[in-house]
Structure formats: C-alpha cells, structure tokens
Amino acid sequence: MSSVNESTTFRLGSRVVNRLGYGAMQLAGPGVFGAPKDHQAALAVLREAAASGVNHIDTADFYGPHITNRIIREALHPYPGDLVIVTKLGARRGEDGSWNRGFSREQLTQAVHDNLRHLGLDVLEVVNLRSMFDVHHPAEGSIEAPLTVLAELQRQGLVRHIGLSNVTRAQIAEGRRICEIVCVQNLYNLVHRADDPLIDELAGQGIAYVPFFPLGGFTPLQSSTLSAVASRLGATPMQVALAWLLHRAPNILLIPGTSSVVHLRENLAAGRLTLSRQTLAELDAMQA
Ligand SMILES: NC(=O)c1ccc[n+]([C@@H]2O[C@H](COP(=O)([O-])OP(=O)(O)OC[C@H]3O[C@@H](n4cnc5c(N)ncnc54)[C@H](OP(=O)(O)O)[C@@H]3O)[C@@H](O)[C@H]2O)c1
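Here the residue index of a chain counts from 1 through its sequence in written order. For this predicted model, a pLDDT threshold of at least 70 governs which residues receive local features, and a threshold of 80 or more governs which side-chain atom pairs are given and counted, while totals over whole chains, interfaces and linings are taken from all residues. For side-chain calculations, the full set of non-hydrogen atoms in the structure is used, while hydrogens and water are omitted.

## Examining the environment of Thr-168
Within the element layout of this structure, Thr-168 appears in the loop between β9 (159–165) and α5 (169–178). On the accessibility criterion, Thr-168 (11% relative accessible area) is buried. Spatially, the C-alpha atom of Thr-168 lies 9.1 Å from that of Asp-195, the residues being 27 residues apart in sequence. Excluding residues that lie within four positions of it along the chain, Thr-168 makes contacts with Pro-138, Ala-139 and Glu-140. The numbering of helices and of strands both runs from the N terminus, where a helix is a DSSP run of H or I of at least 4 residues and a strand a run of E of at least 2. Between buried and exposed lies partly exposed: a residue is buried under 20% and exposed over 50% of the maximum accessible area for its type, with that area taken using a 1.4 Å probe on protein chains only. Contact criterion: two residues are considered in contact whenever any of their non-hydrogen atoms come within 4.5 Å of each other.

## Things to note about the site of the ligand
Whether a residue is near a molecule or strand depends on its heavy atoms: if one lies within 4 Å, it is near. The environment of the ligand is made up of 25 residues, and the closest members are Asp-58, Leu-215, Thr-258, Ser-259 and His-263. Contact between the ligand and Pro-214: an oxygen atom at 3.2 Å from a main-chain N or O atom of the residue. The contact in question runs from an oxygen atom of the ligand to an N or O atom on the side chain of Ser-259, over 2.6 Å. Methods summary: accessible areas were calculated by the Shrake-Rupley approach with a probe of 1.4 Å, and residue burial reflects only the protein chains presented. When the free accessible area of the ligand is taken as 890 Å², the share hidden by the protein chains comes to 87%. Spatially, the ligand is embedded in the largest pocket. For the shell around the ligand, the element with the highest residue contribution is helix α9 (residues 261–269), accounting for three residues. A 3.5 Å cut-off defines polar contacts: any pair of N or O atoms within that distance qualifies, except that in protein one atom must be a possible hydrogen donor and the other a possible acceptor, and neighbouring residues in sequence count only when both atoms are side-chain atoms. Grid points spaced at 1 Å and placed over the protein atoms alone form the basis of the search, with a cavity being a set where a 1.4 Å probe fits but cannot get out and a pocket an open set showing protein on both sides within 12 Å along at least five of seven lines. Lining residues have an atom within 4 Å of a point. In this description, a molecule resides in a pocket or cavity if more than half of its atoms sit within 2 Å of the grid points defining it.

## A look at empty space enclosed by the protein
Grid points are joined across faces, edges and corners, and a volume is the space filled by probe spheres set on the points. Evaluation of the coordinates by the stated rule reveals one cavity of 30 Å³ or more. Size it by volume and the largest cavity reaches roughly 30 Å³. What lines the largest cavity is Leu-12, His-56, Asp-58, Val-86, Asn-128, Cys-183, Gln-185 and Val-210. Mapped by element, the contributors of at least two residues to the lining of the largest cavity are β4 (56–58) and β10 (181–185).

## A short note on the packing of helix α7 (residues 224–233) against helix α8 (residues 237–248)
For the pair α7 and α8, the least separation of the axes is 8 Å and the interaxial angle reads 95°. As the angle between them shows, α7 and α8 are arranged roughly perpendicular. For the pair formed by α7 and α8, the contact residues are Leu-226, Ser-227, Val-229, Ala-230 and Leu-233 on the first element and Pro-237, Val-240 and Ala-241 on the second. Within the contact of α7 with α8, the residues separate by chemical class into seven nonpolar, one polar and no charged. Geometry is summarised by axes, namely lines fitted to C-alpha atoms with helices restricted to the contacting stretch, and by angles between N-to-C directions that run from 0 to 180 degrees. Angles below 35 degrees are treated as roughly parallel, those above 145 as roughly antiparallel, those between 65 and 115 as roughly perpendicular, and all remaining angles as oblique. Here the nonpolar group is Ala, Val, Leu, Ile, Met, Phe, Trp, Tyr, Cys and Pro; Asp, Glu, Lys and Arg are the charged ones; every other residue, Gly included, is treated as polar.

## A few points about the nonpolar core
Working definition of a nonpolar core: buried Ala, Val, Leu, Ile, Met, Phe, Trp, Tyr and Cys residues. They are joined through side-chain atoms within 4.5 Å. Ranked by size, the top nonpolar core spans 76 residues in total, and within it Tyr-22, Leu-46, Ile-57, Leu-147, Leu-190 and Leu-283 carry the most contacts. Considering every element that reaches this core, the biggest residue donor is α8, with eight residues.

## Re the packing of helix α1 (residues 39–51) against helix α2 (residues 67–76)
Relative orientation of the contacting elements α1 and α2 amounts to 60°, with a least axis distance of 9 Å. Viewed along their axes, α1 and α2 adopt a mutual orientation that is oblique. For the pair α1 and α2, the crossing hand works out as right-handed. Contact residues: His-39, Ala-42, Leu-43, Leu-46, Arg-47 and Ala-50 in α1; Ile-71, Ile-72, Glu-74, Ala-75 and Leu-76 in α2. Of the residues contributing to the contact of α1 with α2, the split by class is eight nonpolar, one polar and two charged. By convention the crossing between two helices is left-handed if the near helix lies anticlockwise of the far one by an angle smaller than a right angle, and right-handed if it lies clockwise.

## Section: the pattern of salt bridges
Should a side-chain nitrogen of Lys or Arg be within 4 Å of a carboxyl oxygen of Asp or Glu, the pair is scored as a salt bridge. Inspection of the entire model under this criterion finds ten salt bridges. A salt bridge links Glu-152 to Arg-105; the nearest nitrogen and oxygen atoms lie 2.8 Å apart. Placement of Glu-152 in helix α4 (residues 144–155) and of Arg-105 in helix α3 (residues 105–119) is noted, with a sequence separation of 47 residues between them. Arg-248 is the partner of Asp-196 in a salt bridge, and the nearest nitrogen-oxygen pair spans 3.0 Å. Of this pair, Asp-196 sits in helix α6 (residues 196–204) while Arg-248 sits in helix α8, and the two are 52 residues apart along the sequence. Each of Arg-15, Glu-125 and Arg-160 takes part in a single network of salt bridges with overlapping partners.

Here it is as structure tokens:
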C-alpha cells in the first residue's frame, strides 16, 4: 500500500478539491475547434461529473473557441458551491483553428471578460497563464509582461488565484516574484516525465501540479507493461495510468478529458485503485 494515494483532496488556491477532476477540452469539436458532434452527450458528461463529486473542472475559452465554456454553463449553472472552474489565458484561435499567442494587455483583458461572460461568473476562481513561446512544449521567454497584466486583473477582483501552464522552472520562479502561483499545469504522464524534479519541488511548497494529457492526450497511452498490470489488477490501462499519477505525489490533481460518460465513470473509479510498491516500481520503469 502507498500512503500517498490515501489523500483524496488537495488545496487549490483557497479551496480544497478532490484530486480526481475533469478536463473539458474533449467537449469541443475535432481539433478542439467548433461544436461537439453530440451536444447532449457533452452536457451529460459534465452533469455526471458533478453528480459524481468532481469539484474541479479545467477549461479555456479558446476551446472551441467559446464552445466548451458555454457548454459548462449550460450543463451546470447555477454552479454547486464547491465547484472550482479553472480556466486559461494566453492563446487565441485563428479562423483555421490555429493556436496563436494572445499576450497583449487588450487580449488578456478581453479573455478574462470572455471567460466571465461565457461561464456566467463574477470572478474566475483560478486562471492559468498559458505560456505560448512554443505551442507544444515549455520554452524559455519572459512571462513578466502578461503575468503583470493578469495580476492587475486579480487586484481588480476579476480573478481570485493565478497559475501557470506550459512553463519552465525559470518561468515559475519569475512568476512567483510577480504574484502568488497556486498551480502549475504542464504535460506529464507515465511516459513523459520531464517534470519529475519540478513536481517534488512544488509538492514541498504546497503548490498543486496538474498534468495535462494524463492519458497521453491525442495519442492515448499504449504499452504492454501498462496492459499487463491492468489485466492483473482487473482494471483498464487508463485507470492504472491515472492511479499511478495519484500515487506519484500528493500535490497532483487529475483532469483527464473525455467526451464519454462511460470513460468518465471508468476514470473516476481509478481513485479506488491501490498500487503495491512492486507495481509502482514496474510502472516507474516504463520508458517513453
Ligand atoms: N494547459 C494546456 O496546455 C493543456 C493542453 C491540453 C489539455 N489540457 C487540459 O488537460 C485536460 C486533459 O487532457 P486531454 O483531454 O487532452 O487528454 P487526456 O486526458 O490525456 O486524454 C484524453 C483522450 O483519452 C480518451 N480517454 C479518456 N478516458 C478514457 C478511457 N477511460 N478509456 C479510453 N480512452 C479514454 C479520450 O477519448 P474519449 O473522449 O473517447 O473518452 C481522449 O481521446 C484537457 O481536457 C484540458 O482541460 C491543457
């Protein structure tokens, strides 16, 4: 038994959330662009998540764009009192679906107001500044200017807490000189572990680490080790991948994405899976 998995909650800003949350990106159309193929199914996933105790939902107004936030509002507003919706700023979508940087004062201010309006909120509980020096990976570059704007919007009362996404350790250090950073959202999963030292560092500081693509994202995780462990435990490979993350560190909050109620239920059940030290060692040894 591992003691880490015994804690089912962690602090996110001024709230405590269940470590198993939900990421809403899969609710937009293909390529995270346009409407979902089944609008009612998207509403059903969100309602099932909330009914199952999920109180941490990750989104962005650039999913769709605007689509995902509007679906969240339609499905769940007025929101349960314990629900924390985390959104992101820093990207803009081109008319062709491209992902572009949106770091100017005007773009960031507009994005905060768009999020508030589309989600039907007066204050955004947590906003991640999504670094865009490279769309796919953390890349060095100063985030001082956009983060200063976001901190001003926080002082105006439009944003309660600030996090960072797709960032390097240097950018986190730079960010923490500007404002309090309550969470970091970077790519991390069983086969992408560049952030291992960072996760431990943030755990020591009480800062939440929220891996995106916990199941591999657009290329779902596939591995013979994962499949073998899953069949031995009577679980699915995705459940094992999520359970491994829950065991990895106490500050990890999960936001697996799905457009399917069946997958959602499966993912939430991963919280009940206990991995022995031997199984953890086997999974730890998996290579990218
Ligand atoms: N900060 C950033 O830059 C960033 C980037 C990407 C994502 N995110 C956030 O992170 C969240 C999670 O990432 P993600 O949704 O892209 O990737 P993910 O959670 O790693 O995986 C989602 C993929 O796995 C499939 N899936 C989910 N549960 C499954 C299950 N139980 N069995 C089989 N397949 C399953 C989904 O398909 P089905 O729909 O068919 O279930 C989807 O194709 C997003 O929703 C978003 O909120 C943030």
